[in-house]
Each structure stands twice: as structure tokens, then as C-alpha cells.
Amino acid sequence: MEGKGYAETPLSIDYVADMPYSYHAGFYYSKFLRELRDNKRLVGVKCPACRKVYIPPRIVCRDCFVKMEEFVPVSDQGTLIAFTVTNFSYTDTTTGNPKPIPYTAAYIRLDGSDSNIVHRLDLTDETKIKSGVRVQAVFSENRTGDYFTDIDHFTIIKGDP
Ligand SMILES: [Zn+2]
């Protein structure tokens, strides 16, 4: 290589990284995933002090710092809080394939919960999306205990807005 320029073409290095791994989901998240996989049910956990419901369930209330043990059902419908629409293709890190566009990441408050979840919103008409619309979970037929695939996506409830 000469001086400050980049006259030479950089070399490329072929490499295949094979790094399978798994991690322990823990009791609370396992309960959440099991209910989703086996029964298409969403469960949260309720704080005994402030009565807030967290989904996915967590052991300690973030505000009260008390242990939560009461599992409660949470609706598969909710309200779109915020969203991001991506209109350029990029690689899905879980499959290695290009993500379909538009890809919409959604921040959703499910009915019966006091926390928000993140998932994909199936967007067919960009003019219908806005914060505050009602959304519904669409479950996969072949559920395996994976949050992002057992709920295939969320969709805007017909008639809203
Ligand atoms: Zn609390």
C-alpha cells in the first residue's frame, strides 16, 4: 500500500462462523414461553404492592423492589404505542435471509399489562399505522417456545382507525 491513498484493492477473507448456543430462560420466562407455545396464552406477573402487571413476567417489580409471584393472563390485543417502519432490506440475523420490507418494529401495550412489548407489525397499508391503533397478536401454527416466532406478528384490528 502506498502513501495515504487506498490504491490497492482490499483482500477478503472467507470465514464461516458456527456458534450455536443456548441459554437458560429461567422460571418466569420459561412459564411465559410455555404458555405461549402450548396454549397460545400470554401471561404476566402482578406486583403485590403497586398491582402493576409486567409482561413478559419478571421476578422483582422495578418500582417497588418486591418479589412478584402472582401470574395473571394478559390479552393478545393491545394498543400500538410507537413504531418504526424500515423500507430498506437488511439481513434477518435469525435466518440469514433478507427481511421482507416494509419491516415494522412495534412497541405494544397489551390489555391487562402495564409494560410494553416489542414485536413485528404486519403492515400492508402505511396510511393506517399510527400510535394508538388497536392491534392483535397472530400466533404461529408451529410454536416452539420462541417468543419472536411463536407470535408470528401483530396486525391492526380491522376497523381501527
Ligand atoms: Zn410494584
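Predicted, not measured: the structure shown is a model, and the values here were computed from it.

Overview of unusual backbone geometry
Here comes step 1: Here the bond from Ile55 into Pro56 is cis, since omega is -5 degrees, no more than 30 degrees from zero.
Here comes step 2: For Pro56, the location among the structural elements is in the loop between β2 (53–54) and β3 (70–74).
Here comes step 3: The phi torsion at Lys40 lies on the positive side, around 50 degrees, for a residue other than glycine.
Here comes step 4: Along the polypeptide, Lys40 turns up in the loop between α1 (26–39) and β1 (42–46).
Here comes step 5: Given 14 C-beta atoms within 10 Å, Lys40 falls into the partly exposed group.
Here comes step 6: Even without being glycine, Arg51 reaches a positive phi, approximately 70 degrees.
Here comes step 7: Residue classification places Arg51 among the exposed positions, given that 11 C-beta atoms sit within 10 Å.

Structural notes on the pairing of strand β7 (residues 134–139)
Consecutive side chains along a regular strand alternate between the two faces of the sheet.
Here comes step 1: In this structure, strand β4 (residues 77–86) lies alongside β7, joined through three bridges in antiparallel fashion. Directly across from Thr79, in β7, lies its bridge partner Arg134.
Here comes step 2: For β7 and strand β8 (residues 151–156), the ladder comprises five bridges, and the chain directions are antiparallel. Across the sheet, Val135 pairs through a bridge with Ile156, a residue of β8.

Re the sheet that holds β1
Here comes step 1: The three strands lie next to each other as β2-β1-β3, forming an open sheet whose pairing is antiparallel. Two strands in the sheet have a free side with no partner beyond their single neighbour: β2 and β3.
Here comes step 2: Where β1 meets β2, two bridges bridge the pair, whose relative direction is antiparallel. The residue bridging Lys46 from the neighbouring strand is Val53, located in β2.

Rules and cut-offs
Counting restarts for each chain, with residues numbered from 1 along the sequence as it is written. Per-residue local features of the predicted model are confined to residues with pLDDT of at least 70, and side-chain atom pairs are confined, for both listing and counting, to 80 or more; whole-chain, interface and lining totals are unaffected and use all residues. We count a stretch as a helix when DSSP gives it H or I for four or more residues in a row; a strand needs E for two or more, and each element gets its number in order from the N terminus. Any residue with 12 or fewer other C-beta atoms within 10 Å of its own C-beta is exposed, any with 20 or more is buried, and the rest are partly exposed; the C-beta atoms used are placed from the backbone. For two strands to be treated as a pair, DSSP must find at least two bridges joining them.

In short, the description is geometric, and any link to function would need to be established separately.
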